[in-house]
Amino acid sequence: MDHLEVRELLYFIALAEKMHFSRAAEQLGIAQPALSRAISRLERRMGVQLFERTSRRVSLTEAGEVFLRESRKVLAAADGAVRRAQRAARPQRLVIAAPPGTGAALLSLVLDAYRSGPDPVPVEVLFTVDLAAALRDGTADLALMCGSDDLDGLDTVDLLDESPVALLPAGHPLAARGSLTARDVRADTEFREQPPRVGLDEIIDRVAIGDLVVVLGASATSRLGPSVVAVPVTGAPRSRLVLAWPRATPLAVRDRLTGAAAAVARSRPDVDPVSAGRDHDRLSVRSG
């Protein structure tokens, strides 16, 4: 079949989100019959039925559900390509995304090391909880991320790994323990396997008022006040910190930043550099 057009994806997504031909057509600024013909033509070209249609409702088929997910990825990639091309046409600048409150000390050291190198370009730091989206839509060039984040479609290099600690309210029955097992932590009714998608300071505030118990990397302890206690956790996986980027990121930019990050990792006594940090000459790039 011929290549699909972006317009066809926009028509399909609008109908999939509205589940109503008239409302989708109104959103798109076209007539309903034109939208109906476009969707039917799309289904014929693909050779699959994307929608179930009755006189009373419209719903996605299983194939339609898959195509909706993939169509959104395609449009996001197209938007990202436009943003990266626009940035390439302007004076050079590097945008690094980072989670609010997490890894700030490490990022500061990495940027200092990068700026002290040859011919650094201006750097802007974007603090956001949606790091993967910032990379995929072209808002950021690289991001400081956790190895457990959504890294699908991104290239990464390991920087550091950290021992896990449980964040507990100061008055918690387990707060005075020298260490905890993963089972101890999971038994708490306020424990959450995945931290909320908010900044570290808000996570700490939620722990302080007794609404949350969570396991994070040991570097989080640098921001704790007296109302929150960090207790080492045995039997839990270590937290891995990575530098991630879309494959369109220039190699020269990537290599200089990973080199700066590796140098910083080797110099920090409070974290364990993984193989990437120990020997930057043998950096292992992973493709997601």
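Residues numbered from 1 in each chain as written. Predicted model: local features only at pLDDT ≥ 70, side-chain atom pairs only at ≥ 80, totals over all residues. Heavy atoms only, no water.

What about the sheet that holds strand S9 (residues 214-217)?
So, step 1. An order of S8-S10-S7-S9 is seen for the 4 strands of this open sheet, with the pairing classed as mixed. Of all the strands in the sheet, just strand S8 (180-181) and S9 have a single pairing partner and so form its edges.
So, step 2. Strand direction decides the pairing type here: strand S7 (residues 164-169) and strand S10 (residues 228-234), joined by 5 bridges, are antiparallel. Directly across from Pro169, in S10, lies its bridge partner Val228. (Pairing = 2+ DSSP bridges. Helix = DSSP H or I, 4+ residues; strand = E, 2+ residues; numbered from the N terminus.)

Here's the deal with the environment of Ser163
So, step 1. Relative to the helices and strands, Ser163 is located in the loop between strand S6 (155-162) and S7.
So, step 2. Judged by relative accessible area, which is 33%, Ser163 ranks as partly exposed.
So, step 3. In this structure the C-alpha to C-alpha distance between Ser163 and Arg240, which are 77 residues apart in sequence, comes to 9.2 Å.
So, step 4. At 3.2 Å, the side chain of Ser163 forms a polar contact with the side chain of Arg238. (Buried < 20%, exposed > 50% of the residue type's maximum accessible area, 1.4 Å probe, protein only. Polar contact = N/O pair within 3.5 Å; in protein donor to acceptor, adjacent residues only side chain to side chain.)

Some points on helix H8 (residues 200-208)
So, step 1. The complete set of buried residues in H8 reads Leu200, Ile203, Ile204 and Val207. Down the axis of H8, the buried set is contained in an arc of 95°. They therefore lie on one face.
So, step 2. Tucked into the core, H8 has its buried residues touching S7, S9 and S10.
So, step 3. Immediately downstream of H8, the backbone of Gly210 shows phi near 85°, a positive value. (Arc of directions from axis to C-beta. Contact = heavy atoms within 4.5 Å.)

Notes on the packing of aromatic side chains
So, step 1. Evaluation of the coordinates by the stated rule reveals 2 aromatic pairs.
So, step 2. With a centroid separation of 5.4 Å and an interplanar angle of 55°, the aromatic rings of Phe12 and Phe51 are classed as tilted. On the criterion of sequence distance, the pair formed by Phe12 in helix H1 (residues 6-18) and Phe51 in strand S1 (residues 51-53) is long-range, its members being 39 residues apart. Grouping residues by exposure puts Phe12 and Phe51 together as buried.
So, step 3. Summarising the aromatic geometry, the rings of Phe12 and Phe67 are spaced 4.8 Å apart at their centres and angled 55° between planes, so their arrangement reads as tilted. Of this pair, Phe12 sits in helix H1 while Phe67 sits in helix H4 (residues 62-88), and the two are 55 residues apart along the sequence. (Phe/Tyr/Trp six-rings, centres within 6.5 Å; stacked < 30°, edge-to-face > 60°.)

With respect to the packing of H1 against helix H2 (residues 21-28)
So, step 1. It is the contact of H1 with H2, at a shortest axis distance of 8 Å, that shows an interaxial angle of 135°. Looking at the two axes, H1 sits oblique to H2. When the axes of H1 and H2 are compared, the crossing they make is right-handed. Between H1 and H2, the residues in contact are Leu10, Tyr11, Ala14, Leu15 and Lys18 and Phe21, Arg23, Ala24, Gln27 and Leu28, respectively.
So, step 2. Of the residues belonging to the contact of H1 with H2, the class tally is 7 nonpolar, 1 polar and 2 charged. (Axes fitted to C-alpha atoms, helices over the stretch in contact; angles between N-to-C directions. Parallel < 35°, antiparallel > 145°, perpendicular 65-115°, else oblique. Left-handed = near helix turned anticlockwise from the far one by under 90°. Nonpolar A, V, L, I, M, F, W, Y, C, P; charged D, E, K, R; others polar.)

A short note on the pairing of S10
So, step 1. Note: S8 against S10, 2 bridges, orientation parallel. Residue Leu180 lies in a different strand from S10, and its bridge partner there is Val233.

Points about the nonpolar core
So, step 1. Of all hydrophobic cores here, the largest spans 22 residues; its most connected members are Leu94, Ile96, Val110, Tyr114, Leu159 and Leu257.
So, step 2. Those elements that place two or more of their residues in this core are strand S3 (94-98), helix H5 (104-115), strand S5 (142-146), S6, strand S11 (239-245) and helix H9 (251-267).
So, step 3. Take this core: its biggest share by element is 5 residues, from H5.
So, step 4. Counting residues in each nonpolar core, the second largest holds 21 residues, with Leu9, Phe21, Ile39 and Phe51 among its members. (Core = buried A, V, L, I, M, F, W, Y, C linked by side-chain atoms within 4.5 Å.)

Observations concerning the packing of H1 against helix H3 (residues 32-46)
So, step 1. With their axes 10 Å apart at the nearest point, H1 and H3 run at an angle of 110° to one another. Considered as vectors, H1 and H3 are oriented roughly perpendicular to each other. As for how H1 packs across H3, the hand of that crossing is left-handed. Contacts from Arg7, Glu8, Tyr11, Phe12 and Leu15 of H1 reach H3 at Leu35, Ala38, Ile39, Arg41, Leu42 and Arg45.

Considerations on the side chain of Asp188
So, step 1. Structurally, Asp188 is set in the loop between helix H7 (182-186) and H8.
So, step 2. Of the side chains with opposite charge, Arg192 lies nearest to the buried Asp188, which makes no salt bridge, at 7.0 Å.
So, step 3. A polar contact of 2.8 Å, which involves the side chain of Asp188, links it to the backbone nitrogen of Glu190.
So, step 4. In this structure Asp188 touches His172 and Val213, once residues within four positions along its chain are discounted. (Lys, Arg positive; Asp, Glu negative; His and termini not counted. Salt bridge = Lys/Arg side-chain N within 4 Å of Asp/Glu carboxyl O.)

Some details on the environment of Ala175
So, step 1. Along the chain, the position of Ala175 falls in the loop between S7 and S8.
So, step 2. Counting along the chain gives 53 residues from Ala175 to Val228, while the straight-line C-alpha distance between them is 8.7 Å.

In short, the description is geometric, and any link to function would need to be established separately.
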